[in-house]
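# Coordinate analysis (summary)
As a plain string of letters, each chain reads:
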Amino acid sequence: MTDTKISRIGVFTSGGDAPGMNAAIRAVVRASIFYQKEVFGIVHGYEGMIEGEIVKLGARSVGNILQRGGTVLKSARSDNFRTKEGRAKAYETLKKHGIDGVVGIGGDGTFMGMHLFHEEFGIPYVCIPGTIDNDIAGTDYTIGFDTATNTAVEAIDRIRDTALSHNRLFFIEVMGRHSGYIALNSGIAGGAVSIIIPEQNTTFEQLYTLLEQSGKTSKSSSLIVVAEGSKIGGANELAKMVAERSNYFDIKVTILGHLQRGGAPTYFDRVLASRMGVSAVEGLLRGESDSMVGISNNKIIFNAYASIMNGQYHEIDEELLRLAKILSI
Ligand code: F6P
């Protein structure tokens, strides 16, 4: 590997935590040490970078975290880093500790922040996509999506038991911000009669017609999975709209919320995070910068900031949409 002059690597997590972030931190730390670099944890994301919350990490300080949800480095959404003064302070912190390369783990906000920082101060960096939303272009999967979706499926299965016992209609709302990835995949895996996602223009009339039809085909219960970013309303609003139209349905609502963010990462997220963590360090040491590591067709790739952060998001697979429709009859 062509080695750059980088000798001290800083690693941080930022934005919403995601299961598998700890596995990524562990991989970054151990790969750095493997390549004889010093490695520092920046605690509380960009806030810690500004406030100087820096800890030296060793191979043993990341022991026993691979299997844990959350992030041992803590996370934050930082307004201060959005200001020029905040970023200048963060640069002083890195300089003081001699940190000359950074790995940031988080979503698109994390990537945008590092890009700006790199433009202003020239610090080389690689980002690792860590968010349950799976909304980032340039990677088939983000760390945490698989675990969060499995958690949602488990919850949907449980709700199905009680829905069936009472012949009820359930609206189940899942996370994802503006993305329907969790909803579409957990909806298919959980056998939802309808899946409402922001990427598709489902109207309330279409949803209501489908519910009437499933009533006629004597379905004993119906589960509707709604992405929180749904354009026609969240689970509460949709339930209210159906109840206002007809009293035929016995309706309940469950909002899964932050439950989806916690828990032990699946094997998939642990391996993905480990691969991305090691690759991010290797990339950085090879001279890769202003880029994000990703996975495409099970191969590690690097995406330059400008190639993926231009207003595009990870597109929904049309094939899955077609499948969901066929399977819900
Ligand atoms: O980006 C991850 C995510 O969990 C989204 O799915 C959700 O909209 C958001 O974070 C919630 O953020 P917070 O934890 O700050 O309320």
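The structure we're discussing is the one just above.
The model shown is predicted, which means the values in this text are computed figures rather than measured ones.

What counts and what doesn't
- Residues numbered from 1 in each chain as written.
- Predicted model: local features only at pLDDT ≥ 70, side-chain atom pairs only at ≥ 80, totals over all residues.
- Heavy atoms only, no water.
- Buried < 20%, exposed > 50% of the residue type's maximum accessible area, 1.4 Å probe, protein only.
- Helix = DSSP H or I, 4+ residues; strand = E, 2+ residues; numbered from the N terminus.
- Pairing = 2+ DSSP bridges.
- Contact = heavy atoms within 4.5 Å.
- Core = buried A, V, L, I, M, F, W, Y, C linked by side-chain atoms within 4.5 Å.
- Domains from an automatic or database assignment.
- Axes fitted to C-alpha atoms, helices over the stretch in contact; angles between N-to-C directions.

Next up on the list: the pairing of strand 4 (residues 101-106). Judged by how many residues are buried, strand 4 sits mostly within the fold: six of six residues are covered. Neither face of strand 4 is left uncovered, since the one carrying Gly 101, Val 103 and Ile 105 and the one carrying Val 102, Gly 104 and Gly 106 both have all their residues buried. Direction of pairing for strand 1 (residues 8-13) relative to strand 4: parallel, over a ladder of five bridges. Counted as the bridge partner of Phe 12 is Gly 104 from strand 4. Of the strand pairs in this sheet, strand 4 and strand 5 (residues 125-129) are connected by five bridges, and their pairing is parallel.

We now examine helix 6 (residues 181-189). The α-helix winds at 3.6 residues per turn, so residues separated by three or four positions along the chain end up facing the same way. Of the residues making up helix 6, those classed as buried are Tyr 181, Ile 182, Ala 183, Leu 184, Ser 186 and Gly 187. Against helix 5 (145-166), strand 6 (169-174), strand 7 (194-196), strand 8 (222-227) and helix 11 (318-327) lie the buried residues of helix 6. The first or second residue beyond helix 6 is Gly 191, which carries a positive phi of 70°.

A word on the nonpolar core. When a protein is soluble and globular, its nonpolar side chains tend to lie buried together. Membership of the largest hydrophobic core comes to 57 residues, with the highest contact counts inside it found for Val 11, Val 103 and Ile 128. Mapping this core onto the domain boundaries places at least three of its residues in each of domain 1 (8-144 + 265-308) and domain 2 (145-261). Val 103 has contacts with Ile 9, Gly 10, Val 11, Phe 12, Val 28, Val 126, Ile 128, Ala 280 and Leu 284, leaving out every residue within four places of it along the chain.

A few words now on the sheet that holds strand 2 (residues 38-42). Overall, mixed pairing links the seven strands, which are arranged 3-2-1-4-5-10-11 in an open sheet. One side of each edge strand has no neighbouring strand; the edge strands of this open sheet are strand 3 (54-57) and strand 11 (299-304). On average, each strand axis in the sheet is inclined to that of its neighbour by 30°, with strand direction left out of account. One ladder, built from four bridges, connects strand 1 with strand 2; its direction is parallel. Looking at strand 2, one finds that Gly 10 is bridged to Phe 40.

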